[in-house]
Amino acid sequence: MTAEEIFRFEKKELLPIDKEFPFACIGLAHSHIYGMTNSLISAGATLRWVYDDDASAVEAFAKKYPDVKIARSIDEVLSDKSVMLVASADIPSRRASLAINCMRSGHNFFVDKAPAVTLSECDEIERCQRETGMKYFVYYSELIENDAAIFARDLIKRGALGRLYNMEIVAPHRLNAPTRPDWFWKKALTGGILTDIGSHQIEQFLEFSDCAEAKITNATVNNFFHPEYPEFEDFGCATIESKNGIKGYIRVDWMSPDGIKAFGDLRLTLLCEKGYIELRKNCDIGRSDKGNNVFVVTNDGVYSDCVSGKVQKTYFNKLIHDCLEGSDTAMNKDFVYSAMRLTVEAQMMADKNR
């Protein structure tokens, strides 16, 4: 196998967006709302409304998007039936009820991770989505916005390295404690570290294993170094196994050192029958501050490339078409609901073990 065979970048023409696609943002608690908004606009959507009960958050948002209408209430947004999608990065504990409210009012819903903090919320979201027929999407940015992850997923799917059998996903994050809002430290509002940032890793495990059925085999959380925030968890890990036999280890923490410029040294290792792949998503420590670094090791040699800007990102184009046409191409529904539940189950197991 040659480097040219491994690093093959195929791009297909995206389906044009030939209809207006207005969307609204409700809930600005997490900065991910800006990434969600920017990507929707880049894909052809039109930002129409914004609402949050925090006036300063709305002011900052409207400064960046000066053409947006500022709503006086959630109901004012939902009364506009021309709005095709509501995007939200509200406080995690509010996301499920908002999703249900939006879908019951006839609006598709796009939510930041984690979409739910309890199993009952997971059940209610799925039930509501199936009853209303509205579309429901989750913003798992560590896959859909990361070129290296998209490339590796496609490489696995085309069987370049044979069967995948194990993966390790680590995602340290920088805490930046002084910048965090009050709700960030309260477990009832965030669900815990595995529910929060661990949701990225569990969703990636399902995507790469290409199997929606999996079980958490062990999970642990702790607060090692932040006793001033007694409800906070700065470390979490879990092991997971898919029905098709693939096993994985997940580690997340809030202790990324300030010595690197990235928010964390996120890595993903995929073990396959013909070699392995390592992704250094945000940087290559000691060598480069650039992200999207892919390393492939086979019997023929070691290959590497920075794939920034070389892959085709299709998620948001597909999301818009799914809403307009009633299709299901952006996200596999089974993966959505399975990732949601497994995330909460991992947190529950960790809480019990602790």
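Everything numeric in this text was worked out from a predicted model, so none of it was measured. (Residues numbered from 1 in each chain as written. Predicted model: local features only at pLDDT ≥ 70, side-chain atom pairs only at ≥ 80, totals over all residues. Heavy atoms only, no water.)

A. Representation of the sheet that holds strand β6 (residues 136-139) within the structure. Taken together, the six strands give an open sheet; going across it, the order is β3-β2-β1-β4-β5-β6, and neighbouring strands pair in parallel fashion. Edge positions in the open sheet fall to β3 (69-70) and β6, since each of these has one partner strand only. Direction of pairing for strand β1 (residues 22-26) relative to strand β4 (residues 85-88): parallel, over a ladder of three bridges. What sits directly across from F23, in β4, is L85. In the packing of helix α11 (residues 315-325) onto the sheet, contacts are made with β4, β5 (108-112) and β6, and the angle to β6 comes to roughly 165 degrees. (Pairing = 2+ DSSP bridges. Helix = DSSP H or I, 4+ residues; strand = E, 2+ residues; numbered from the N terminus. Contact = heavy atoms within 4.5 Å. Axes fitted to C-alpha atoms, helices over the stretch in contact; angles between N-to-C directions.)

B. Quick look at the side chain of H321. Looking at the element boundaries, H321 is found in helix α11. A polar atom in the side chain of H321 sits 3.1 Å from the backbone oxygen of P16. Sequence-distant contacts of H321, that is, excluding residues within four places in its chain, are made with L15, P16, I17, G326 and S327. (Polar contact = N/O pair within 3.5 Å; in protein donor to acceptor, adjacent residues only side chain to side chain.)

C. The pairing of strand β2 (residues 46-51), seen in detail. Among the six residues that make up β2, five are buried, leaving the element largely enclosed by the rest of the structure. Pairing analysis gives five bridges linking β1 to β2, with the strands arranged parallel. Looking across to β2, one finds that I26 is bridged to Y51. Assessed by its sense of winding, the connection that carries the chain from β1 through helix α2 (residues 32-43) to β2 is right-handed. As paired strands, β2 and β3 are joined by two bridges and run parallel to one another. (Buried < 20%, exposed > 50% of the residue type's maximum accessible area, 1.4 Å probe, protein only. Right-handed = clockwise from strand over helix to strand, strands pointing away.)

D. Focus on the layout of surface pockets. The volume enclosed by the largest pocket comes to roughly 970 Å³. Lining the largest pocket are 33 residues, with R153, D154, Q312, T314 and K318 sitting closest to its centre. Within the residue set of the lining of the largest pocket, elements represented by two or more residues are α7 (141-144), α8 (147-157), α10 (198-209) and α11. Looking at the lining of the largest pocket, the element that brings in the most residues is α8, giving five residues. (1 Å grid on protein atoms, 1.4 Å probe; cavity = no way out; pocket = protein on both sides within 12 Å on 5 of 7 lines; lining within 4 Å. Points joined across faces, edges and corners; volume = space filled by probe spheres on them.)

E. Region of interest: the nonpolar core. One finds F110, Y136 and L319 to be the most contacted residues of the largest nonpolar core, which totals 113 residues. By residue number, the principal contributor to this core is helix α12 (residues 333-353), which donates eight residues. L319 has contacts with L40, L85, F110, F137 and A330, leaving out every residue within four places of it along the chain. (Core = buried A, V, L, I, M, F, W, Y, C linked by side-chain atoms within 4.5 Å.)

F. Examining unusual backbone geometry more closely. With omega at -10 degrees, the peptide bond leading from K113 into A114 counts as cis. Among the secondary structure elements, A114 is positioned in the loop between β5 and α6 (119-132). Backbone geometry places D210, a non-glycine residue, at a positive phi of 55 degrees. Here D210 lies in the loop between α10 and β8 (214-222). We note that N292 has phi near 60 degrees; this positive angle belongs to a residue other than glycine. With respect to the helices, strands and loops of the structure, N292 is situated in the loop between β12 (275-280) and β13 (293-298).

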